[in-house]
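Commentary on secondary and tertiary structure
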Amino acid sequence: MFNKVLIANRGEIAIRIIRACWELGIKTVAVYSEADKRSLHVTLADEAYCIGPSPAAKSYLNIDAILNVAEKAKVDAIHPGYGFLAENAEFARAVKKAGFEFIGPNPKAIEAMGSKINAKKIMKKAGVPLIPGSDGAVEDVDEAIEIAEAIGFPVVVKASAGGGGMGMSVAYSKEELKDVIESAKNIAKSAFGDPTVFIEKYLENPRHIEIQLLGDKHGNIIHLGDRECSIQRRHQKLIEEAPSPIMTEELRERMGEAAIKAGKAINYDSAGTVEFLYENGNFYFLEMNTRIQVEHTVTEQVTGIDLVKAMIKIAAGEELSIKQEDVEIRGHAIECRINAEDPLNDFVPCPGKIKLYRSPGGPGVRIDSGICGGAEIPPYYDSMVAKLITYGNSREEAIARMRRALKEYVIVGITTNIPFHRAVLEEENFLKGNISTHYVEQNMHKLK
Ligand SMILES: Nc1ncc2cc(-c3cccc4ccccc34)c(N3CC[C@@H](N)C3)nc2n1
Ligand SMILES: [Ca+2]
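Residues numbered from 1 in each chain as written. Chains lettered and ligands numbered in written order. Predicted model: local features only at pLDDT ≥ 70, side-chain atom pairs only at ≥ 80, totals over all residues. Heavy atoms only, no water.

Here we come to the overall build of the protein chain. Scanning the protein chain for helices and strands turns up 15 helices and 22 strands. For the protein chain, the C-alpha radius of gyration of 21 Å lies close to 22 Å, the compact-globule estimate for 448 residues. For the protein chain, buried positions account for 59% of its 448 residues. For the protein chain, the exposed surface amounts to about 18,200 Å²; the carbon and sulfur share of it is 49%. Mean positive and mean negative side-chain charge positions of the protein chain (55 and 63 charges, respectively) differ by 4 Å. (Helix = DSSP H or I, 4+ residues; strand = E, 2+ residues; numbered from the N terminus. Rg over C-alpha atoms; globule rule 2.2 N^0.38 Å. Buried < 20%, exposed > 50% of the residue type's maximum accessible area, 1.4 Å probe, protein only. Areas by Shrake-Rupley, 256 points an atom, 1.4 Å probe, with all protein chains shown as cover. Lys, Arg positive; Asp, Glu negative; His and termini not counted. Charge placed at Lys NZ, Arg CZ, Asp CG, Glu CD.)

Right under this line is the structure:
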């Protein structure tokens, strides 16, 4: 087992990883940018080193600065968290080359899933259901029209180097497709440096359901059930839950089996997530995320498995301590992402200083937060400051606890989206589990 681990991240996930290390008796090294000098993850770590100026490009994305600290602090391993360098194969390789263990999947698996076209090719071979569409890249408009007419409009054009909804555009007709192809290639070129695009049938009202995977370095791989992640805004998830309100044992069995095929196809050896779109009883592979995700928490609540400790043990070479038949999904968990943003002003980010902070508690309430009273929320990073998770024996109990916790939660000094969450937790479609990826746009008028 490692003696000392560097956490190459900030905020709530850095604290989450520090907590897992503590429980395993591992010393922790935090890295921070100038803006994060007095932040909570710096306070909680055993050692902390400044890695550069506030902009992420000069600090949390600075591979050399991070590796220099790893050398200086003599760590055994590095955990990347999510975002920043978490799915950067070059970083994973550089970490190993410098002699440290990377607490995440093997670099080849990261690379394989980084190209959406390549990912689909691998999944097709593995027998994972795909959304009908082009077989690889689409070069020009004529080819696009041919494919679109074969699969039927509407179609969506996606950047292969994209992901998380970045660089996807929908075309409802042949005429629209001409413009959409050009704009998608331009966005892909400027955003990802790679203009490669592909086409898929656009599913008009799907759910976004994902399966949590856990693989080790000895060929074992299991799934830990499903999460419903359809409540998103501009591809930023806002509320997640486990299990999905529409999940049945049979559907979970089918989706879990498909997810394990996906993991096996790339020799997956860490925590990872296979994202699917679900519509009318069918599900289709969307993407695979080769990192721990923000919403890993709701899976931890319903399975009782600590996913971050599991990742660390796997990286240290241990075999999975549980078999698929040991995995049991019990009760229901919901997570509300607390963001420093203004839901009444188009969710614009609202950095600032927290003057008063009172967090909820009591039965079935978990807070994973990177903030406390007096904390400064810098403008340089994403706006999520905390995750409020509630857990109960049923979805109704988890909802009752979330309503109570959202009422108790007091954050004075910055504007947050807590009022948005309070409104969703009263909204009838949400309460009935009647959710699709269009939930926010369809119900926003009720959520103000
Ligand atoms: N062929 C096809 N049809 C419908 C889709 C629907 C989504 C989607 C999924 C989840 C939330 C969404 C919100 C608005 C628009 C789209 C979505 C989607 N993605 C891709 C990345 C993921 N974060 C969002 N891909 C789709 N692809
Ligand atoms: Ca992704």
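A separate point is the sheet that holds strand 6 (residues 155-163). Through backbone hydrogen bonds, the strands of a sheet pair up, either in parallel or in antiparallel fashion. Taken in spatial order, the 3 strands make up an open sheet running 7-6-8, and their pairing is antiparallel. Strand pairing shows two members of the sheet lacking a second neighbour, strand 7 (166-171) and strand 8 (197-201), which therefore form its edges. On average, each strand axis in the sheet is inclined to that of its neighbour by 25°, with strand direction left out of account. (Pairing = 2+ DSSP bridges. Axes fitted to C-alpha atoms, helices over the stretch in contact; angles between N-to-C directions.)

When pLDDT is averaged along the protein chain, the result is 96, and 100% of the positions lie at 70 or above. Note on the complex model: pTM 0.97, ipTM 0.95. (pLDDT = per-residue confidence, 0-100.)

Turning our eyes to something else, we now look at the coordination of the calcium ion (ligand 2). Listed as protein donors to the calcium ion (ligand 2) are E287 (OE) and N289 (OD1); their distances from the metal cover 2.3 Å. For the pair E287 and N289, one class covers both residues: buried. (Donors = N, O, S within 2.8 Å, 3.2 Å for Na, K, Ca; no water.)

What follows deals with the state of the cysteines. As used here, a disulfide is simply a covalent bond connecting the sulfur atoms of two cysteines. The tally for this structure, following the rule as stated, stands at 0 disulfides. Not part of a disulfide, C336 finds its nearest cysteine sulfur in C229, a span of 13 Å. Taking relative accessible area as the criterion, C336 reaches 0% and is therefore assigned buried. Between C350, a cysteine without a disulfide, and C336, which holds the nearest cysteine sulfur, the sulfur-to-sulfur distance is 18 Å. (Disulfide = S-S within 2.5 Å.)

Our focus in this paragraph is the packing of aromatic side chains. By convention here, two paired aromatic rings are described through the distance between centres and the angle between planes. Inspection of every chain in the model, using the stated rule, returns 8 aromatic pairs. Seen in terms of ring centroids, Y60 and F84 are 5.1 Å apart; in terms of plane orientation they differ by 25°. Their pairing is stacked. With Y60 in the loop between strand 3 (47-52) and helix 3 (63-73) and F84 in the loop between strand 4 (77-79) and helix 4 (89-97), this pair connects stretches of sequence that are 24 residues apart. Given the relative accessible area of 0%, Y60 is considered buried. Between F347 and F420, the ring centres sit 5.5 Å apart and the planes meet at 80°, which makes this aromatic pair edge-to-face. In this pair, F347 sits in the loop between strand 15 (341-342) and strand 16 (348-349) while F420 sits in helix 13 (residues 418-424), placing the two residues 73 residues apart along the sequence. Like F347, the residue F420 is buried in the burial classification. (Phe/Tyr/Trp six-rings, centres within 6.5 Å; stacked < 30°, edge-to-face > 60°.)

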